[in-house]
Each structure stands twice: as structure tokens, then as C-alpha cells.
Amino acid sequence: MTRDAGKTALDMVYAAETETELADAYAAWAAAYDSETAALGYLLPFLIAAWVARHVPKGEGPLLDAGCGTGLSGPSLKALGYDDLTGLDLSQEMLDIAGSRQCYGELKLAALGGPLPWPDGHFRAFLSTGVFTSGHAPASSLDELVRVTAGGGHAIFTVRDTVLEAGGFQEKFAALAAAGKWLPVEASPPFRAFAVGEPDVLVKAYIFRVV
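In this text the structure is predicted, and so the values were computed from the model without any measurement. (Residues numbered from 1 in each chain as written. Predicted model: local features only at pLDDT ≥ 70, side-chain atom pairs only at ≥ 80, totals over all residues. Heavy atoms only, no water.)

A. The arrangement of the confidence of the model for the chain in detail. Per-residue pLDDT for the chain has a mean of 91; in total, 90% of the residues score no lower than 70. Across residues 1-6, where pLDDT falls below 50, the model places 13 contacts with residues more than four positions away in sequence or in other chains. (pLDDT = per-residue confidence, 0-100. Contact = heavy atoms within 4.5 Å.)

B. Quick look at a negative patch on the surface. A cluster of like negative charges, contributed by E21, D24, E93 and D96, occupies part of the molecular surface. Contributions of two or more residues to the negative patch are made by α2 (19-40) and α5 (92-100). Using a relative accessible area of 35% as the deciding quantity, one classes D24 as partly exposed. (Patch = residues over 30% accessible without salt bridge, like charges linked within 9 Å, V, L, I, M, F, W, Y side chains within 5 Å. Areas by Shrake-Rupley, 256 points an atom, 1.4 Å probe, with all protein chains shown as cover. Salt bridge = Lys/Arg side-chain N within 4 Å of Asp/Glu carboxyl O. Lys, Arg positive; Asp, Glu negative; His and termini not counted. Charge placed at Lys NZ, Arg CZ, Asp CG, Glu CD. Helix = DSSP H or I, 4+ residues; strand = E, 2+ residues; numbered from the N terminus. Buried < 20%, exposed > 50% of the residue type's maximum accessible area, 1.4 Å probe, protein only.)

C. Spatial organisation of the packing of aromatic side chains. Throughout the structure, instances matching the rule amount to 15 aromatic pairs. Summarising the aromatic geometry, the rings of W51 and F191 are spaced 6.1 Å apart at their centres and angled 35 degrees between planes, so their arrangement reads as tilted. Here the residue W51 occupies a position in helix α3 (residues 44-55), and F191 occupies one in strand β7 (residues 191-192), the gap between them amounting to 140 residues. For W51, a relative accessible area of 11% translates into the label buried. Owing to a relative accessible area of 17%, F191 belongs among the buried residues under this scheme. A centroid spacing of 6.0 Å and a plane angle of 10 degrees characterise the contact between F157 and F208, whose relative ring orientation is stacked. Of this pair, F157 sits in strand β5 (residues 149-160) while F208 sits in strand β8 (residues 202-210), placing them 51 residues apart in sequence. (Phe/Tyr/Trp six-rings, centres within 6.5 Å; stacked < 30°, edge-to-face > 60°.)

D. Spatial organisation of the pattern of salt bridges. Scanning all chains against the criterion turns up eight salt bridges. When the shortest N-O distance is used, the salt bridge between D34 and R101 registers 2.4 Å. One end of the pair, D34, is in helix α2; the other, R101, is in the loop between α5 and β3 (106-109), with 67 residues separating them in the sequence. The exposure class assigned to R101 is partly exposed, which follows from its relative accessible area of 25%.

E. Inspection of the pairing of β3 at higher detail. Where strand β2 (residues 85-89) and β3 come together, four bridges link them in parallel fashion. Paired with T86 across the bridge in β3 is E106. This β-α-β element, β2 to α5 to β3, shows right-handed connectivity. (Pairing = 2+ DSSP bridges. Right-handed = clockwise from strand over helix to strand, strands pointing away.)

F. Structural context of α5. The complete set of buried residues in α5 reads M94, L95 and A98. Seen end-on, α5 carries its buried residues on one side only, within an arc spanning 100 degrees. Just downstream of α5 lies Q102, where phi reads positive at about 55 degrees. (Arc of directions from axis to C-beta.)

G. How the structure looks around the environment of G87. Its place among the elements puts G87 in strand β2. By relative accessible area, G87 is classed as buried at 0%. A C-alpha to C-alpha distance of 4.7 Å links G87 and L107, two positions 20 residues apart in sequence. The contacts of G87, once residues within four sequence positions are left out, are D65, C68, Y104, E106, L107 and K108.

This is the structure we're talking about:
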């Protein structure tokens, strides 16, 4: 995929309408992703480690970084003592960079929204940032993510404000609670995903305990 004149890489990923278009957009962006998002002050991959540290004791089992991209969360989590990490992403180019960080014991190429290649209750927790947003993973992804998380474990993720209702996330939160799959633990106020640029990109962080 080539970048349209006048469009940033971020514009291109938000504009993707199919899984293939999204994968192509990230493949084209992979080499410059870290430097370009750093220039925008991208917070989410680093901030999510604070919620993991608050709710997930070290050494209790593997963590899944769902939609790990280039693995920006990996070094922060490893520094905090979480050294049993698995990464999942739909872009092999992004996974290749994640692997170079030497923080993930396993990296899997797959898209959220379909079946995941792990048994029930495999992970102590999953974390996901920047994935539940415009043109990205659907709310239905949470069904499989909850399935592969052990009872008593945690779901820790961000959702962009523009898809919270329109993308069916609030409805999915309620449906999983009604089905006895999880219980709400914590929700943040809306905050900026980028500290420097893109001031209109607001997200909320959510934490649920899987039953």
C-alpha cells in the first residue's frame, strides 16, 4: 500500500476498511512506526504497563499482548518483572520488529476477531492498546480474548471514544458480564492517546476480572 498524498500513516490505518487493507497499512508503516508515533507522544504502550502492575502479580503465568505491533509494551513490562510474554499481531512486519526487542517468548501472526490459537484459560491476563479503535479489531474480539484468559485473570485494554458505543463495545461489555464471563474492576476517564499530536484521539482504559 502506498500512502495517499496528504495522508499520514495514522490516517491510512484509521481509513482501512478490511483486514487486508489494515495489514497492508501497517506493513507499509512498520519501519517508521516507532519514530513517528514517538514524535506524536504516543502513550498507550507504556501506560498500559501501569495497569498491568496494579492488577497482575508477577510470576503467575503468561501474558498476552494482543495487537502488540512493534512490541513497544514489551520492554516496559519486562523491566517490571513480567518476562513471560506472548505477542499477537496481524502484521508480520510489525512482529519482526517486536521480535528484535527480545521481550516476547512467543509471537503469533493472527487477526483479532477470529479464533485464537490457544486453549481455554491459557493466559493469566491479556493487554491490548490502540487496537480497539477506528477501522481495527471488532468488539467481538473480546469473546476469544476472554476464552484464552484464565478464571481470576484480567482483561486490560483501551478503547477509543468514537467506537465505544458505535462499535458495540459497551454492549459487548454488558453481554460478557450478563453471561458470567467477567466482572468490571476499573475504568479510567477519557484521556489523550498522544501527548503531543492528535489531540482529538481520546481513549478509555478498562480492566475486567475474568470469571
